[in-house]
Every structure is written in structure tokens, then in C-alpha cells.
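# Summary of the model geometry
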Amino acid sequence: MAWYVYMLRCRPDTLYTGSTPDVEHRLRQHLSLSSGGAKYTRSHPPTALAALWEAPDAHAAHSIEWHIKRLNRAQKLAVIAAPETLSSLLGACADDAKPLDTSVYDPVFTDLS
């Protein structure tokens, strides 16, 4: 079963990284449209899905998430600008990560207006 690693742009100009088997459901939780979500995103509301990768399984997704969280802000912004460079920045743990189009999830954010 595929898992996903995502990066959110949050207020005020911050980034949040997570992983999930169900992107839309998790985004709705972060946006407080359904129960759940992270404590961080309750106090720093997400404004956009900045980057998204498909991982082959939960273990790979958690590993990629862990490594992304250890990058500095400049490195995170670089990988957001070029999601296909994730494996060159993280190494073997991200070799199987496939960048995905984030625009598919834009309606989740535009529904808030």
C-alpha cells in the first residue's frame, strides 16, 4: 500500500512535514475540517500543499519524513522548488520516492475561502 510524504506551507511563513496513507483526509484534518490533525497546524494553519511524494510503504514514508525534518530551511525550500531532487539530498532512503503534482489538492485549500 502506497504512503505519501508531504510538506505544507503554514502561517506565518513556516513549513510542516508529515506522512500519511490518505493525503486528502490528512489535509482536511490539518485544516480542521475533520477531527485529528497536528498540534502544530492548529496554531500554524496550512495555506498550501508545498510538495508531495509517493513512497512504497509506511516504513519508507516515515524514514523520508524523518530525514526531511532534519534539513535546514534552505534545503527544504530547495526540495520544494525541485521535488525530483529529494533523493540527491537525502540519499538512498528516498530513492523510491516519486514526486507528485500538488495541484490535485488545491481544491481542499480553496474550499476554505
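Located above this text is the structure these notes cover.
Residues numbered from 1 in each chain as written. Predicted model: local features only at pLDDT ≥ 70, side-chain atom pairs only at ≥ 80, totals over all residues. Heavy atoms only, no water.

## Describing the sheet that holds strand 1 (residues 3–10)
The condition is simple: A pair of strands is treated as paired once DSSP finds two or more bridges between them. Each helix corresponds to a stretch of at least 4 residues labelled H or I by DSSP, and each strand to a stretch of at least 2 residues labelled E; elements are numbered beginning at the N terminus. Contact definition: two residues touch when any of their heavy atoms are within 4.5 Å. Angular values range over 0 to 180 degrees, each being the angle between N-to-C directions of two axes fitted as lines to C-alpha atoms, with helices fitted over their stretch in contact.
With antiparallel pairing, four strands are arranged side by side in an open sheet as 2-1-3-4. Looking at the sheet topology across the chains shown, the edges are occupied by strand 2 (14–20) and strand 4 (98–99). With two bridges connecting them, strand 3 (residues 46–55) and strand 4 associate as antiparallel partners. Paired with E54 across the strands is K98, a residue of strand 4. Those strands touched by helix 1 (residues 23–30) are strand 1, strand 2 and strand 3, and its axis lies near 30° from that of strand 1. Helix 3 (residues 58–69) rests against strand 1, strand 2 and strand 3 of the sheet, and its axis sits at about 30° to strand 1.

## A look at the nonpolar core
Applied cut-off: For the purposes of this section, nonpolar cores are sets of buried Ala, Val, Leu, Ile, Met, Phe, Trp, Tyr and Cys residues that join through side-chain atoms within 4.5 Å. For every residue, the accessible area obtained with a 1.4 Å probe (protein chains only) is divided by the maximum for its type, and the residue is called buried under 20%, exposed over 50%, and partly exposed between those limits.
If you look at the biggest cluster of nonpolar residues, it comprises 19 residues, and the most contacted ones within it are M7, W53, I64, I68, L86 and L90. Mapped onto this core, the elements with two or more residues apiece are strand 1, strand 3, helix 3, helix 4 (73–81) and helix 5 (86–90). Every residue in contact with L86, bar those within four places of it in the chain, is listed here: W53, I64, I68, V79, G91, A94 and A97. One finds L8, C10, V108 and F109 within the second-largest nonpolar core, a separate group that totals 14 residues.

## Looking at the side chain of R26
Keep this limit in mind: We count Lys and Arg on the positive side and Asp and Glu on the negative side, and we leave His and both chain ends out. The working definition used for a salt bridge is a side-chain nitrogen of Lys or Arg within 4 Å of a carboxyl oxygen of Asp or Glu.
As for its position among the elements, R26 is in helix 1. The charged side chain of R26 is buried without a salt bridge, its nearest counter-charge being E65 at 7.7 Å. Ignoring any residue separated from it by four or fewer positions in sequence, one finds R26 in contact with Y6, Y16, T20, G37 and A38.

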